[in-house]
Amino acid sequence: MTQSARANGVTAGRIDATQMQSNFSDLHEPYDVHEAVVAADRCYFCHDAPCMTACPTSIDIPLFIRQIATGTPEAAATTIFNQNILGGMCARVCPTETLCEEVCVRETAEGKPVEIGRLQRFATDTVMSKAHPFKRAATTGKTVAVVGAGPAGLACAHRVAMMGHDVVIFEARAKGGGLNEFGIAAYKSTNDFAQDELDWLLGIGGIEMRYGQSLGQDISLTGLQQDFDAVFLGMGLSAVNALSLDNEAAENVEDAVSFIGALRQADDLTKLPIGRRVVVIGGGMTAIDAGVQAKLLGAEEVTIVYRRGQNAMAASEFEQDLAQQKGVKLVCNASPVAIVADGRLTAATFAYTEVQDGTLVTLDETFTLPCDQLFKAIGQTLGDMPEALGLKGRKIAVDATQKTNVPGVWAGGDCASGGDDLTVTAVAEGRDAAMDIHATLMGAN
Amino acid sequence: MADLTSEFVGIKSPNPFWLASAPPTDKEYNVRRAFEAGWGGVVWKTLGAEGPPVVNVNGPRYGAIWGADRRLLGLNNIELITDRPLEVNLAEMTRVKKDYPDRALVASVMVPCEEQAWKEILPRIAETGCDGFELNFGCPHGMAERGMGSAVGQVPEYIEMVTRWCKETTSLPVIVKLTPNITNILQPAQAAKDGGADAVSLINTINSITSVNLDTMSPEPMIDGKGTHGGYCGPAVKPIALNMVAEIARSAGTAGIPISGIGGVTTWRDAAEFMALGAGNVQVCTAAMTYGFKIVQEMISGLSQWMDEQGHTSVQDIVGRAVPNVTDWQYLNLNHVTKARIDQDACIKCGRCYAACEDTSHQAISMSEDRVFEVQDDECVACNLCVNVCPVDNCITMETLSAGATDERTGKVVSDDYANWTTHPNNPGATAAE
């Protein structure tokens, strides 16, 4: 422990470098070969397997697990990448406990599913350092613009490039990866995996990266339509919901996504400032990622406050348990009513809530949590969009093949309607859009 | 607690668990440890003729196959008989028998197929105080190339001849160890009996290549790039051994000859099964080589518990109990009709029964959209494959249709009369039931 462990305010160096390294090590240790074979052997190779149905990218899970069990993890990786080119990242960040592993028949039977996520990581890690496993088809002379180098954009770009089209990815930031690089908890993607995966993915060839290209500022949809045969929009959600309370602009009141992004980009976590008492508002994965990482950075007290009941939290039970295991306190049925600040944040006041006749009602009874840092994790929204694009709710409207209302323009990932804001779903949408783009460009549609 | 003391061809031991003649019984050090661990007896590693001993390879002697988590399922062995001088072995046997008079100590012997050789060596070995002899006509590798081991065991006339020489020479019990590398186990068993053997022991190991190294294209175990067939043993061979034991126990010519059961005995249950099929005791090797001598404690406690539960007071009570129920296919009751039944509460919806039945059997299991699997009685032939592939114990069982019920597959009413193939109208050679 360093001197400032219990210092008030937002300050760096609450814990030493060794502890920090341990705190941010892999959440799930990778399997060694023997562990993987033993874990793979637990798979029953189910007929029409429920896990496969539960996977948004429909990976042939029993097949890839059997390929691991028989000593061919490279073939297993190909089975995975055929369906999900970001299978490496999905193996790390997928909430498997609510997808494939939730429906595993061994979960049903014993409450202990086949560890599909870890097995997928074992298979995909095996080939990450090897030659790219896919080959491009002969070039078609067609060009595709992809906006956003996140999971949806990358999945789309890889697939259309593989089909022989030439792709340019326009990325607003200076680095690719999207939420894989900026958005998820560091202990889920260690050793710069997002960038390694991006480099590996680009090994397919035919994809040009252009960074610092923001839609509406540096590039326009009409410009892209003129210059390319097809356009895919996968720029995610760039705006953040606000609490709409006084003092929201006070010092140390921050967006959780910005905090997580800064943490992911930090070279030295001991130099990253964190509050002594931290409050996170929200109930999704972002709230958990922010709360847990705040605790791991050395915050003494971290409280996640969610306005509804715990079973309504978007974060999975596994994530909730993880937070509590790390010492994060979960307070449910409480809604923020005041940010107490004196130029700088000092506390937050919440009112208890209750569901009355199906509606969430804020009660008069309140409590105040002293805090020196507050993270808002109450959702993200679409940034400014080209006017031509039709919206559905607060997202870009797309059909079942990811087509927008604008001919020649497809969209997928968090910015598009449908989906569930999961990496794996974004990959599926990017991939499916690519197949439809290909069919359209080749005249099949 | 059930009495586990065993008397096999007059040889007494505190329990029916002997260590087979094999690497674990090669020397005094091991055998003393085995007896301390609780083994009822040992068959000492096969002794050869006096003079320079055989030599073993200096590379791997064993190959293996594994199940999940590297559980050893089958072992293959190319080790020869003892490679230590005869006098050393005899001196050690003498000391061990003197210190453990209550344990069985049987000498395994393999010398060339010459009368003189057998008649000279047995009396010398008998001086150790051993309780009997086991003639090694079983080893399929190495020694067989020199006209011994399974090379003798594959020629019934040689078995009878050598057995007779031995019986003429010694008053101690003579057990003949049989090779399974033959087409009909009854012939060598009959030959042993005809030669005057007191018992047979089986099975010795099975010719095998455990695997092929696909990098070097060599069979395993590999010695300098080459491999040879070795003797296969361990849990994988048990079903083959059980059948051979049962055939000897139930066939008119050989029934009644004492049998020492060998082949993949790993637990008390395996031992009980061998004994139920007619073995008077069992010999163990691979299980000890895999887990060490301590496993005998589980075998003792398990057999004892089971015998108590069943009300068997002595080991002799269980020997051969299942033999009357081993029959020929032609005598199986064709009027016995069963159907698979799936316990929906126990079902975990993996669909393995469906895949097995739909792809490879009789399309007798239906699958609904919400993964409910149900047996279609009008297609189910009761093959039992679904039971065998189901990962859940007792989830799928076979229900016997009672007399008077209609078999929906055949449309026939189930009869409780016994009727077999010998009287079936489809059998061209059927004889009318009298």
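Residues numbered from 1 in each chain as written. Chains lettered and ligands numbered in written order. Predicted model: local features only at pLDDT ≥ 70, side-chain atom pairs only at ≥ 80, totals over all residues.

**Description of the overall build of chain A**
The number of helices and strands found in chain A is 17 helices and 19 strands. In terms of overall size, chain A behaves like a compact globule, its C-alpha atoms giving a radius of gyration of 23 Å where 445 residues would be expected to give roughly 22 Å. Overall, the C-alpha framework of chain A stretches about 65 × 55 × 50 Å when taken along its three principal axes. A separation threshold of at least 6 residues defines the contact pool for chain A, and within that pool the share at least 24 residues apart is 70%. (Helix = DSSP H or I, 4+ residues; strand = E, 2+ residues; numbered from the N terminus. Rg over C-alpha atoms; globule rule 2.2 N^0.38 Å. Contact = placed C-beta atoms within 7 Å.)

**Re helix 17 (residues 423–441) of chain A**
Residue and element names in this part refer to chain A. For helix 17, built from 19 residues, the straight-helix expectation of 27 Å at 1.5 Å per residue is met to within 8% by its first-to-last C-alpha distance of 27 Å. Most of helix 17 is tucked away, with 16 of its 19 residues classed as buried. At the exit of helix 17 stands Gly443, carrying a positive phi of roughly 80°. (Expected span 1.5 Å × (residues − 1). Buried ≥ 20, exposed ≤ 12 C-beta atoms within 10 Å, placed from the backbone.)

**Some remarks on the packing of helix 2 (residues 33–41) of chain A against helix 9 (residues 116–128) of chain A**
Residue and element names in this part refer to chain A. One way to put it is that helix 2 packs onto helix 9 with a least axis distance of 10 Å and a crossing angle of 135°. One finds that helix 2 runs oblique with respect to helix 9. In the packing of helix 2 onto helix 9, the handedness of the crossing is left-handed. Of helix 9, the residues touching helix 2 (which contributes Ala36, Ala39 and Ala40) are Arg118, Leu119 and Phe122. Each residue belonging to the contact of helix 2 with helix 9 can be placed in one class, and the counts come to five nonpolar, no polar and one charged. (Axes fitted to C-alpha atoms, helices over the stretch in contact; angles between N-to-C directions. Parallel < 35°, antiparallel > 145°, perpendicular 65-115°, else oblique. Left-handed = near helix turned anticlockwise from the far one by under 90°. Nonpolar A, V, L, I, M, F, W, Y, C, P; charged D, E, K, R; others polar.)

**Regarding the packing of helix 10 (residues 151–162) of chain A against helix 17 of chain A**
All names here are of chain A. With their axes 7 Å apart at the nearest point, helix 10 and helix 17 run at an angle of 35° to one another. The handedness of the crossing between helix 10 and helix 17 comes out as right-handed. Counted together, Pro151, Ala152, Gly153, Leu154, Ala155, Cys156, Arg159 and Val160 of helix 10 and Thr423, Ala426, Val427, Glu429, Gly430, Arg431, Ala433, Ala434, Met435, Ile437 and His438 of helix 17 form the full contact between these two elements. Of the residues belonging to the contact of helix 10 with helix 17, the class tally is 12 nonpolar, four polar and three charged.

**Points about the pairing of strand 5 (residues 62–66) of chain B**
Residue and element names in this part refer to chain B. Summarising the sheet, strand 5 and strand 6 (residues 72–77) pair through five bridges and their orientation is antiparallel. Looking across to strand 6, one finds that Ile65 is bridged to Gly74. Between strand 5 and strand 6, which pair antiparallel and follow one another directly, the connecting turn spans five residues, one of which, Asp69, has a positive phi of 60°. (Pairing = 2+ DSSP bridges.)

**Side note on the sheet that holds strand 11 (residues 206–208) of chain B**
Residues and elements named next belong to chain B. An order of 5-6-16-11 is seen for the four strands of this open sheet, with the pairing classed as antiparallel. Each edge of the open sheet is held by one strand with a lone partner, namely strand 5 and strand 11. For this sheet, the mean inter-axis angle between neighbouring strands, taken without regard to orientation, is 35°.

**Considerations on the domain arrangement of chain B**
Each assigned domain of chain B is listed with its residue range as follows: domain 1 (6–325) and domain 2 (329–423). Computed from C-alpha coordinates alone, the two centres of domain 1 of chain B and domain 2 of chain B are separated by 40 Å. (Domains from an automatic or database assignment.)

**Focus: the confidence of the model for chain B**
Model confidence for chain B is summarised by a mean pLDDT of 96, while 99% of its residues fall at 70 or above. What the predictor reports for the complex is a pTM of 0.89 with an ipTM of 0.83. (pLDDT = per-residue confidence, 0-100.)

**With respect to the sheet that holds strand 10 (residues 301–305) of chain A**
All names here are of chain A. Taken together, five strands build an open sheet; the order of strands is 7-15-9-10-11 and the sheet is parallel. Strands at the two margins of the open sheet, each flanked by one partner only, are strand 7 (253–255) and strand 11 (329–331). Averaged over all pairs of adjacent strands, the angle between their axes in this sheet comes to 25°, without regard to strand direction. Across the sheet, helix 14 (residues 256–265) lies against strand 7, strand 9 (277–281) and strand 15 (373–376), angled at about 75° from strand 7, the strand it touches most.

**As for the environment of Cys43 of chain A**
Structurally, Cys43 of chain A can be placed in the loop between helix 2 and helix 3 (50–54). Between the C-alpha atoms of Cys43 of chain A and Ala256 of chain A, which are 213 residues apart in sequence, the distance is 38 Å.

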